[in-house]
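Residues per chain, in single letters:
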Amino acid sequence: MVGLPSNSSQNLQLAKQISSLQLPSLQILPLESSHLPGIMEIDRLCFGGWWNLAHYQWELDHPESHFLVLTIPEISNSEVSNSAMSKIAKINEIAEINEIAEISKAPEISEVFEASDPQANNLVIGVGGFWQILEEAHIHLFAIHPQYQGKGLGKFLLGQLLQLAKELGLERATLEVRESNHQALGLYQKFGFQEAGRRPNYYADNSEAGVILWLNRLQSCEFV
Ligand SMILES: CC(C)(COP(=O)(O)OP(=O)(O)OC[C@H]1O[C@@H](n2cnc3c(N)ncnc32)[C@H](O)[C@@H]1OP(=O)(O)O)[C@@H](O)C(=O)NCCC(=O)NCCS
């Protein structure tokens, strides 16, 4: 589980320093049809094309399906990459970027994530979704664009997704992950997910086992 920062004044200082960098505005948004091409690109790059457009459209139309997307303003393809990556690198110099989930808890840093222009074209760099089944959140999709992985954004987005589940009143979250996916396992374990079992031959492409993870007592967890 992501805990509150141990030293809030230090955290506040970091938040101010990061605000002054004028980061490209990261936004967390509910899924809209305009995000689908970007999400499909992430799906293709991360999962080899797990779902098609019709499936995403189906998700969009179902009230039990909840998606959040992580976006940055689209400047131009090359400028976005260079600008975003160089600014992320600057954050790295100031603070461990793996603290971004904790840093984002400070109220001041929320300015960094505000939309500069809600109508602007946004580049989708992450997506997470779950189905609400009774009091459970079944996370079925979670990915950060490969170009932006390893920068703390997975932690940030997962925190937001679990917070959404909490606000919906859900009690538990679950998902399956490939047993070889150490990155994802590390991320989920960081949030307190625990292994509940394995499904042998769960993945058709290579017969890999799926690790079943659960996070209980969502209502008593702190995510943001
Ligand atoms: C898994 C994924 C979402 C993580 O997102 P990310 O932005 O790269 O992750 P973060 O930078 O926020 O790192 C979060 C945690 O993941 C773990 N992690 C990240 N990279 C790792 C690596 N190379 N090896 C082991 N653990 C790693 C660490 O626990 C890390 O926390 P720390 O930096 O405090 O140690 C991302 O790698 C991804 O999209 N992978 C492809 C799609 C996928 O596998 N999705 C999950 C399907 S269930």
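In short, a report on the structure.

What counts, and where the lines are drawn
- Residues numbered from 1 in each chain as written.
- Predicted model: local features only at pLDDT ≥ 70, side-chain atom pairs only at ≥ 80, totals over all residues.
- Helix = DSSP H or I, 4+ residues; strand = E, 2+ residues; numbered from the N terminus.
- Contact = placed C-beta atoms within 7 Å.
- Buried ≥ 20, exposed ≤ 12 C-beta atoms within 10 Å, placed from the backbone.
- Pairing = 2+ DSSP bridges.

1. Details of the environment of Y188
Relative to the helices and strands, Y188 is located in helix α7 (residues 182-190). C-alpha separation for the pair Y188 and K155, spaced 33 residues apart in sequence, amounts to 8.8 Å. If sequence neighbours within four positions are ignored, Y188 has contacts with V177, F193 and L213.

2. Brief notes about unusual backbone geometry
Located in the positive-phi region is S207, a residue other than glycine, with phi close to 60°. Inspection of the secondary structure assignment puts S207 in the loop between β6 (194-203) and β7 (208-215). With 9 C-beta atoms packed within 10 Å, S207 lands in the exposed category. With phi around 55°, R217 is a residue other than glycine that occupies positive phi space. Looking at where R217 falls in the secondary structure, it is placed in the segment after β7. With 10 C-beta atoms packed within 10 Å, R217 lands in the exposed category.

3. Quick notes on the pairing of β7
When strand β5 (residues 172-178) meets β7, the two strands line up antiparallel, connected through six bridges. For E176, the partnering residue across the bridge sits in β7 and is I212. As paired strands, β6 and β7 are joined by six bridges and run antiparallel to one another. Counterpart to E195 in the pairing with β7 is L213. Here β6 hands over to β7 after four residues, with S207 in that stretch at a positive phi of 60°.

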